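Here are the chains, one letter per residue:
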Amino acid sequence: QKEVEQNSGPLSVPEGAIASLNCTYSDRVSQSFFWYRQYSGKSPELIMSIYSNGDKEDGRFTAQLNKASQYVSLLIRDSQPSDSATYLCAVTFPNTGGFKTIFGAGTRLFVKA
Amino acid sequence: DAGITQSPRYKITETGRQVTLMCHQTWSHSYMFWYQQDLGHGLRLIYYSAAADITDKGEVPDGYVVSRSKTENFPLTLESATRSQTSVYFCASSSGDLDTQYFGPGTRLTVL
């Protein structure tokens, strides 16, 4: 059974702080890793994708991947109230004839002004 | 408009009725997906398609039927709607099975 685990939260941080979101997955041979943001009542939208071990930075967002420990994290620096949303981690796993993407249940983030 | 669209955006139906949710994408993406999302739950894959005329089951396929006669369209049919199928349904597409999925705006379905 392929699994993607996230702390459901809610995670509450003050405005301007660093928010740290974590995700663990069950298969060492997973290939692609994604963080999506979903506002209440809206569809998920891509924040970051990462494919190799290490850090990937994009503006205030940094994704960190550690395949040996099977976790991927998302750091949000200088958190803003507009960052309040549910963050979904997605991981691709080998599947018959290709790969399949599995989403975690998401972590709710609240940024307090 | 370019992108991925879903229709209807909201639908109310009765138990036992057949309902079809539409999904259309303009990117010529090979892969298309249908997800169900309930409050407090993540995205559960219903069906996916790797190309026209190729479909496969996801985690929760029972009670649903899909078809993909054209690359750009991927309709989802509830053959006989049940109250447990009240949910938000998202369609998504991607260029490959390792690639980013792009989501439509969703359809909120209520089965009375």
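One can find the structure itself at the top, above this paragraph.
Rules used throughout
Residues numbered from 1 in each chain as written. Chains lettered and ligands numbered in written order. Predicted model: local features only at pLDDT ≥ 70, side-chain atom pairs only at ≥ 80, totals over all residues. Heavy atoms only, no water. Helix = DSSP H or I, 4+ residues; strand = E, 2+ residues; numbered from the N terminus. Rg over C-alpha atoms; globule rule 2.2 N^0.38 Å. Buried < 20%, exposed > 50% of the residue type's maximum accessible area, 1.4 Å probe, protein only. Contact = heavy atoms within 4.5 Å. Areas by Shrake-Rupley, 256 points an atom, 1.4 Å probe, with all protein chains shown as cover. Lys, Arg positive; Asp, Glu negative; His and termini not counted. Charge placed at Lys NZ, Arg CZ, Asp CG, Glu CD. Core = buried A, V, L, I, M, F, W, Y, C linked by side-chain atoms within 4.5 Å. Pairing = 2+ DSSP bridges. Axes fitted to C-alpha atoms, helices over the stretch in contact; angles between N-to-C directions. Buried area = accessible area lost by both parts, 1.4 Å probe. Salt bridge = Lys/Arg side-chain N within 4 Å of Asp/Glu carboxyl O. Polar contact = N/O pair within 3.5 Å; in protein donor to acceptor, adjacent residues only side chain to side chain. Disulfide = S-S within 2.5 Å. Phe/Tyr/Trp six-rings, centres within 6.5 Å; stacked < 30°, edge-to-face > 60°.

**Remarks on the overall build of chain B**
Point 1. Within chain B, the secondary structure is distributed over 0 helices and 11 strands.
Point 2. Listed by position from the N terminus, the elements making up chain B come as β-β-β-β-β-β-β-β-β-β-β.
Point 3. Against the compact-globule benchmark of 13 Å for 112 residues, chain B has a radius of gyration of 13 Å, which places it among compact chains.
Point 4. Counting only C-alpha atoms and orienting by the principal axes, one finds that chain B spans roughly 35 × 25 × 25 Å.
Point 5. The 112 residues of chain B split such that 48% are buried.
Point 6. Here the contacts in chain B between residues at least 6 apart in sequence split such that 55% fall between residues at least 24 apart.
Point 7. Accessible surface, chain B: about 5500 Å² in total, of which carbon and sulfur atoms supply 48%.
Point 8. Across chain B, 9 positive and 11 negative side-chain charges occur, with their mean positions spaced 9 Å apart.

**Some words on the nonpolar core**
Point 1. Residues Trp35(A), Val72(A), Leu74(A), Ile76(A) and Tyr87(A) are the most contacted members of the largest nonpolar core, which totals 24 residues.
Point 2. Looking at this core, the elements that each hand over two or more residues are strand S3 (19-25), strand S4 (33-38), strand S5 (45-50), strand S7 (61-66), strand S8 (71-76), strand S9 (85-95) and strand S11 (107-112) of chain A.
Point 3. Per-element accounting of this core gives the leading share, 5 residues, to S9(A).
Point 4. Apart from residues no more than four positions distant in its own chain, Ile76(A) is found in contact with Ala17(A), Ile18(A), Ala19(A), Leu21(A), Arg60(A), Phe61(A), Asp83(A), Tyr87(A) and Leu109(A).
Point 5. Trp34(B), Phe74(B), Tyr89(B) and Leu109(B) belong to the second-largest nonpolar core, a separate cluster that totals 18 residues.

**Quick notes on the sheet that holds S7(A)**
Residue and element names in this part refer to chain A.
Point 1. If you walk across this open sheet you meet the 5 strands as S1-S3-S8-S7-S6, and the pairing is antiparallel. Taken across any chain shown, the strands that pair with only one partner, and hence form the sheet edges, are strand S1 (4-6) and strand S6 (54-58). Neighbour-to-neighbour, the strand axes of the sheet open up by a mean angle of 20°, direction not taken into account.
Point 2. Taken together, the 5 bridges between S6 and S7 define a ladder with antiparallel strand orientation. When the bridges of S7 are listed, Asp58 appears paired with Phe61.

**So, the environment of Glu59(B)**
Residues and elements named next belong to chain B.
Point 1. Mapped onto the secondary structure, Glu59 falls in the loop between strand S6 (54-57) and strand S7 (64-66).
Point 2. A relative accessible area of 53% places Glu59 in the exposed class.
Point 3. As a C-alpha pair, Glu59 and Asp99 span 40 residues in sequence and 20 Å in three-dimensional space.
Point 4. Those residues in contact with Glu59 that lie beyond four places of it in its chain are Leu43, Arg44 and Leu45.

**A few points about the interface of chain A and chain B**
Point 1. Contacts between the two partners involve 20 residues from chain A and, on the opposite side, 16 residues from chain B.
Point 2. Around 1500 Å² of area is buried between chain A and chain B when both sides are counted, 54% of it from carbon and sulfur atoms.
Point 3. The interface formed by chain A and chain B includes 0 salt bridges.
Point 4. The tally of links from chain A across to chain B stands at 5 residue pairs in polar contact (both at pLDDT 80 or more).
Point 5. Of all elements in the fold, only S4, S9 and strand S10 (98-103) of chain A reach the threshold of two or more residues within the side of chain A that touches chain B.
Point 6. For the side of chain A that touches chain B, the element with the most residues is S10(A), which contributes 5 residues.

**Quick word on the state of the cysteines**
Residues and elements named next belong to chain A.
Point 1. If you walk through the whole model with that rule in mind, you get 2 disulfides over all chains.
Point 2. A disulfide bridge connects Cys23 with Cys89, and the sulfur atoms are separated by 2.1 Å. Its S-S torsion of approximately -75° makes the covalent link between Cys23 and Cys89 left-handed. Residue Cys23 is found in strand S3, and its partner Cys89 is found in strand S9; the two are separated by 66 residues along the sequence.
Point 3. Given the relative accessible area of 0%, Cys23 is considered buried.

**Side note on the packing of aromatic side chains**
Point 1. One pass over the full model with this rule turns up 14 aromatic pairs over all chains.
Point 2. Plain terms: the ring middles of Tyr31(B) and Phe33(B) are 6.2 Å apart, the flat faces sit at 15° to each other, and that makes the pair stacked.
Point 3. Among the aromatic residues, ring-to-ring pairing joins Phe34(A), Tyr36(A), Tyr51(A), Phe103(A), Tyr31(B), Phe33(B), Tyr35(B), Tyr48(B), Phe90(B) and Phe103(B) into one connected group.

Note that every value here comes from positions in space, so none of it alone points to a role or purpose.
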